[in-house]
Every structure is written in C-alpha cells, then in structure tokens.
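So the chains spell out like this:
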Amino acid sequence: MNTVIEANGLTRYYGDLAAVDNVSLSVEAGSLFGLLGPNGSGKTTMIRMLTGQVRPSSGKATVLGVDVVKDPVLARVKVGIIPEQETPPSFLTASEYLDFVAKIRKIEGAGEKAQWWFEFLDFADKKDVLCKDLSRGTRQKLMFAQAFLHRPVLALIDEPLINFDPVMQKTVKEYLREYVCDGGTIFLSTHILEVAEEICSDVAILHRGQIVHSGPLAEILARKEKLSEFFLNAVRKDSYA
Amino acid sequence: MPELFVAMFREEWRMHSTIFGSLGFALFPVLVSAITFMGSAMIPYLEAVIPGGTLSLVVHLQFLLLGVMVGGFGLLGQEVMNRRFGQASLLAYSSRSLPISDRRIFTTFVIKDTVYYFLLWVLPFIAGVTFGIPLSGLSLSFVGLITVTLTLSFLFGLSIVFLLSMLYAKSPALLALVLSGVILIAAVIVWLQIAGMVYLFPPYALYRDFSPLVFLYSVLAIAILFSVSISGMTLSLSGKERHYPNRYGEIAGWLGWLPAAPLVAKDILDLWRSGAFVGQVLFSFLLPLAVIWVSLSVLSAVLPDVQILFSFAAVAGVIAATMYTWLTEFDSVGTYTFLPLGTPDLIKSKFTSFSVLQVIPVLTMAGTAILSGYAMEAFPAVILAVSVSFYACSVMIYLTGLWPAVMVYNARVLLSSLLMIGPVLLVFIWLSFLDSLYACSAVLLALPTYLLVRIAFRKWASWEKVFF
Ligand SMILES: Nc1ncnc2c1ncn2[C@@H]1O[C@H](COP(=O)(O)OP(=O)(O)OP(=O)(O)O)[C@@H](O)[C@H]1O
Ligand SMILES: [Mg+2]
C-alpha cells in the first residue's frame, strides 16, 4: 500500500511544554484516519505540523512525499485543510471567499464547483453574506467547502463536525466516506468518539502529546469493546502511571 | 472596572513581551527618553534660530499629532479589539460570558490603549526633557508646565480624532455637518474677537496662559470630546446580516497584472467594506499631514516657503509609509495562512497593496504643491514623497515583517528604523534645498527599497507566528 503521511519522532515544544512528544505514525492511502485525544493532547499541533503551519522542534514528516519542514507551501498545495478555528476573512462574502481560495489554489471552473458546494451543504442563500456575519455552523460549512474545492487526494481536517447540526453531520459523514471510497485519504482529529467509531478505518489516541494506541478501528471493535470505553481506559491508565 | 483594565493591560503586555522579550519592550520607553535627553542639548541652539514661542508651538503640535495618529478608535469599533488580539482574546469577548456591557469593555479598551501610548511615548519624552535640564538650561517649573500641557495636547488630539472617527463611522454626512458647524462657530468666535485663535487648541492656550480657568477649559474640552465619542459609539458584535454582490472575481481580474493579485484584491475589499479606507485616509493620513503642514508653516520665519514644501514632502513620505500598517494591522493573516501561501507571498501581497495605495500621497503631494503656488515643483516634490514612502515601508518590512504595529514597540526596532530612515531623510531634504530638481534623485532609493524587501522575504520566511 501507499503511505501518504509519514511522521518520525515529531516533537513540538511550547516553552517547556511538549505539546507533541516524539510521535511517529504513518497513514495509508485510502484510509480515514482518526486522531483522537482529550483536550490539549496535541491534536491541533500535530495537524499544524503536518501542514507546515508550525515547525517541529525535532523529528521529520512527509506528506504525499513532500517534506513539510523543507517545503511547507508545496505540502499545502497538495492537501486540503480545515483549521481548528473556522475563520474566513471577515469582509469577503462566502462566495467571494471561495473565489479567493480558487484563485490562490489556481482551480479551474471554480464558479460551478463553488455552486455545487453551496447546494450540497445547503447554504446557497448565504453565499452573498459577509463572512463575519455568518453563523458559526455556516462558517464551518464554508471552511469545509474550501478544503475540498480542489479535490485534494488528502485532507487534514481538525474537528470538522463540531459545529454542525445532526442533519449536516450526516451529510458530511457520508461525504467523507464516499471520498475515501473514491481513493481519497482523510486525516481527521476529533474527540467525538461516536463519529470516529462510525467512519474511521484507523485511529490513534494521543494523550499528553504521546501516542498511547494506534491501529485499525476494527481491532478495537473486534474485542467487543466500545471505542469510548477503550479511549477512557487508554487515557486513564496513563494518568495513573 | 479596574479588574478588567488590569487584565487587558496585562494581556497587551504579554503579547508584546512574548514576541520580543520583556526587555525589548521595557527598553522602548527608555530609548525614547534617551533620544529626548540627547535632543535637549539642542534646545539652546534651536532657540537661537527659531523665534520664541514657535518652537513650543511646534512641540505641542507634535503631541497633538501623536494623539491624532492613535485616536481613530471610532473607525472599526470593536473590530479593533478583535483584530488586535485575534480570536485569542477572551477579554474582548467577555461581554458574551460575563455580566459586563459591550460599552464598558470598549471604554476600558480605549482607556487602556491611551494609557499605553502615554507610558510608551509621552511620559518617556517628558522624563528625557527632565533629565536633560542640565543640558538645555530649562527651568524645573517650565518642565512641570509642559508636562501638563503636552499631556493635554496628546489627549486633545486623541479625543478629537476619536470623536471625528466615531461620527464618520455613523455617517460621513454627519461628520461633514458637524465639522462645518464647528468651523463656522470657531470662525465667528475668532472673527468677533470673543476669544483668540489660540483657544481652539486649549492645551496650547494653557501653555501660554497657565491659569486655573484655562486648565479647567482644557480638561473639560477633552472630557466632553471623549465622553461624547464613547457614548456615541454604535457597538454590537452581531449587527445585521450584510449582503454584497460578488465583486471579488472582477477586482482580482483587473489587478491580474500585479504580483499576488488574489491577495491584493482581498485587501482592497477588506479595506473598502470595513469602512477603514476612507476613514484611514482622513484620520491617519490627511489630518496628520494637516497638523504637520501647520507645524512647518509656523517655521516660515526661518525657512523659505519652497523649503517648507520639500520638508513637507519628505515627512509626508514617512507618514504615507504607515499605510503599510493599515494593511497588516487590520488583517488577521491567520485566516488564510493554511492556504498554500508562504510568508514571502504575504509580504509581497502587502507590498503590492501598499503600492496601489501610493496613489493617495501622489495626489496629495501634487495638490499641496499646486495649491501653495509651486506647480513647477510639484513633480520633484511628488518623487521625493513617494520615494521616501517606499523606502520607509521597505525598512518597516525588513525590520518588522508582517507585524509592524506590534513590533515597533521593540527598542531595537525603533532605534534601527530611526537610524535607517533619519539620515536618508536629511540627505534628500538637504539636496532639495540646494535645487528643487535634485529632489528627483530620491528615485535612487528604489534600489535599497528593492533590496530590503528581497532580504525581508528570506528573513521572515522561517519566522513563525507566535501570537494570534
Ligand atoms: N501557540 C501556542 N502557544 C503555547 N502553547 C500552545 C500553543 N498551541 C498549543 N499549545 C499547547 O499545546 C498543547 C496541545 O494543544 P493542542 O491545541 O494541540 O491540543 P488539542 O489536542 O488540539 O486540544 P483540543 O481538543 O482542545 O482542540 C496544549 O497544552 C496547549 O496549551
Ligand atoms: Mg484542537
């Protein structure tokens, strides 16, 4: 199989705090990889390093064959990203924002693609509204559309579902599943375990910056354990260690 | 709300000290003091050439100018807090979670900013003058007097612009109406000789005639301007939903020939729709230039008019360079750095947007030259102003990358920029004094400008954003 993300000993310090501590992992093409972990465990920092937005203090990572430290911009050309805080520039409208992303990413036929997303995520009525006046969920829709506008082969998405209502969550989960079936790869961070249980093929659990478990989801479920129990155990064991 | 004030004050301090260390930030006022201290030595010489009273008026006008430059709180309202601290600020949003009103938070923010500017600029200046007494031969009581009058000049400038920007944000027509009303009343008062012109600038009137009554007049004027501005502010973090037709593609198309056109188009829409564009041009460019023009005109006894024009051009260039901060301060770059853009792309885009904005100093300078009867000198004056502006902008880019408004409060950055810009300015002003046409030699600044921007690409490429 084909490895799309390869991290070796990735570490990131903020002052004395090791937000991510010697993490190695690899993600195969066609998987829906869930990075799970409690608040502050380092998920966002991990995604930021893998997309070249934050430099690792040590360690190496390649994404689609690109060294993210040496060539962060090329890495971001190839992937789609949903950052943790949904913040499109405030004085563009939703449709202008997608045009802007299309120009930066040099996407052909962006108009129709954007239109498709407005309809698919059901916010065509908001496309002429300034981003700063959009509701949180609508901004999240926009960030979702932005990440997939260029049909990347890999998308790294940080808590993509958190602001969506149940209907939208279902739509998006289905989209992600299909996307992987069509050969794409998703690297997703979340602490909504039901979502992970439903859609992920592989999971890694991050705790205090370290990987405490990693492997196919099926392995965990095969032990007749619920993911949430497994998660709580993995995280708790470490706390008492 | 002292707790909120203290918390905001600390937040601002931490922001600066995490970026360049507490020492770099703490040394900033020390440096301002040191410069003033050394400047004190020149006072006896200046007084010998500049007629009495003129020098003090110029200094008071400079403090008015400082207030004018930082007082545009009304323009963006709460958006200012949002963009200064980014999403990270919990305090700016505490009205959502704590029982504190929006107005209270905004008022605290404005007061905190005022105190900060006071501590960073006004107080160190006065301290420098005080330490410089042995050099300048000024009396202690005189220093006491200007401590009061300069502080009031600063506050007066700040509250005037706060009021004007608040009115402008409400409606430009309202601003025009109020402004013409005030000018009319002032004209009548001066014309009927009810009071002298000097009373239009109360802190300076106080300097001329230090009496309890004039003091009260100054303080009241500031208090009224300030409270009217605060209470007039329209505050709401969630206004009505604003709709606009899609203009982005069109604008990006027109600008297609420029480097980084997609980002420049975004900047233009951002400046225009936020209302910051016209507002900034009025309050951060034209108004300061008017104050500078008045300051220089006061010197007409010592400088021929044409030299005033060229000095003005050079200074206008420096003020025009601050347009770079309009583009960076009010843009949260975090909102698109996850796209495939590197810091060099962002700097390139800001520099291009800056170049587009240079139309404004070109027009202003040409207009000033023609209106003051020096149509023949308009061309060299424009060249001088714009070359200086580009050069000063490149120095800013080199020294502060994308974060000029924050990084300037680093002692080293301030010192370097003074050393890099000051002598250059003097050389070209001097050349223009020799012959107006020599001012055109300022185009030579294009070379260092180009080089500094290139070096900045490399210098800032690996710099990681540690804030926002
Ligand atoms: N810019 C920063 N400066 C200092 N510390 C930081 C910074 N960003 C993250 N941290 C710290 O690094 C640790 C990991 O943070 P991170 O945001 O990666 O966690 P997370 O797993 O995404 O959490 P959450 O589930 O709450 O989003 C935290 O302890 C956080 O305080
Ligand atoms: Mg996170």
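Above: the structure in question.
What you are looking at is a predicted structure, and each value in this text was computed from that prediction instead of being measured.

## Focus: the overall build of chain A
For chain A, the count of helices and strands is 9 helices and 10 strands. For 241 residues, the compact-globule formula gives about 18 Å, and the C-alpha radius of gyration of chain A, at 18 Å, lands near that figure. Taken along the three principal axes of its C-alpha coordinates, chain A extends 55 × 40 × 35 Å. Sorting the 241 residues of chain A into buried and exposed places 56% on the buried side. Taking the intrachain contacts of chain A between residues at least 6 apart in sequence as the baseline, contacts between residues at least 24 apart amount to 69%. Carbon and sulfur atoms make up 49% of the accessible area of chain A, which totals about 10200 Å². Seen as two clouds, the 28 positive and the 31 negative side-chain charges of chain A have centres 3 Å apart.

## Some details on the pattern of salt bridges
Scanning the entire structure with this criterion turns up 12 salt bridges over all chains. Where B:Arg242 meets A:Asp133, a salt bridge forms, and the shortest distance between an N and an O atom there is 2.9 Å. Placement of B:Arg242 in the loop between α12 (212-232) and α13 (248-254) and of A:Asp133 in the loop between α4 (110-120) and α5 (136-148) is noted, with the two residues assigned to different chains. By relative accessible area, B:Arg242 is classed as partly exposed at 28%. Two residues, B:Arg247 and B:Glu250, come together in a salt bridge whose shortest N-O distance is 3.4 Å. The class for B:Arg247 is partly exposed, based on a relative accessible area of 34%. Look at the salt bridges and you will find they share partners, linking B:Lys266, B:Asp267, B:Asp270 and B:Lys350 into a network.

## Some thoughts on the nonpolar core
Ranked by size, the top nonpolar core spans 221 residues in total, and within it A:Ile5, A:Leu50, A:Phe100, A:Phe148, A:Leu176, A:Ile186 and A:Phe187 carry the most contacts. Among the elements that take part in this core, helix α9 (residues 140-170) of chain B stands out by supplying 15 residues, more than any other. Looking at which domains feed residues into this core, each of domain 1 (1-241) and domain 2 (259-468) of chain B gives three or more. Excluding residues that lie within four positions of it along the chain, A:Phe100 makes contacts with A:Leu92, B:Tyr248, B:Pro262, B:Leu263, B:Lys266, B:Tyr336 and B:Leu339. B:Met8, B:Ile100, B:Ile105 and B:Phe109 belong to the second-largest nonpolar core, a separate cluster that totals 5 residues.

## Details of the packing of aromatic side chains
On inspection of all chains with the given rule, the structure shows 38 aromatic pairs over all chains. Relative to B:Phe277, the ring of B:Trp272 has its centre 5.8 Å away and its plane inclined at 40°; by these criteria the two rings are tilted. Among the residues examined, B:Trp272 registers a relative accessible area of 55% and is labelled exposed. What links up through ring pairs into an aromatic cluster is the set A:Trp116, A:Trp117, A:Phe120, A:Phe144, A:Phe148, A:Tyr175 and A:Tyr179. Over the aromatic face of B:Tyr244 sits the side chain of B:Arg273, whose NZ or CZ is 4.1 Å from the ring centroid.

The rules behind the values
Once a new chain begins, its residue numbering starts again from 1 and follows that chain's sequence as written. All chains are assigned letters beginning with A, and all ligands numbers beginning with 1, in the order in which they are written. Only residues with pLDDT of 70 or above have their local features reported here, since the model is predicted, and side-chain atom pairs are shown and tallied only from 80 upward, although totals for entire chains, interfaces and linings are computed over all residues. Calculated side-chain values reflect all of the structure's heavy atoms, with hydrogen atoms and water omitted. Secondary structure elements follow DSSP: runs of H or I no shorter than four residues count as helices, runs of E no shorter than two count as strands, and numbering proceeds from the N terminus. The atom set for the radius of gyration is the C-alpha atoms, and the globule formula is 2.2 Å times the number of residues raised to the power 0.38. For each residue, the accessible area found with a 1.4 Å probe, counting protein chains only, is set against the maximum for its type, and the residue is called buried under 20%, exposed over 50%, and partly exposed in between. By the convention used here, residues are in contact when the closest approach between their heavy atoms is within 4.5 Å. Residue burial considers only the protein chains on display, and all accessible areas are found by Shrake-Rupley using a 1.4 Å probe. Within this scheme the basic residues Lys and Arg register as positive and the acidic residues Asp and Glu register as negative, but His and the chain ends are omitted. All charge positions are set by atom: Lys at NZ, Arg at CZ, Asp at CG, Glu at CD. The rule for a salt bridge is simple: a side-chain nitrogen of Lys or Arg has to be within 4 Å of a carboxyl oxygen of Asp or Glu. In plain words, nonpolar cores are sets of buried Ala, Val, Leu, Ile, Met, Phe, Trp, Tyr and Cys residues tied together by side-chain atoms within 4.5 Å. A domain assignment, automatic or from a database, supplies the domain bounds used here. Centre distance within 6.5 Å is the pairing criterion for rings of Phe, Tyr and Trp, where only the six-membered ring of Trp is used; planes under 30 degrees apart are then read as stacked, over 60 as edge-to-face, and the remainder as tilted. Throughout this description, the term charge over a ring refers to an Arg CZ or Lys NZ atom that lies within 6 Å of the ring centre and within 35 degrees of the ring normal.

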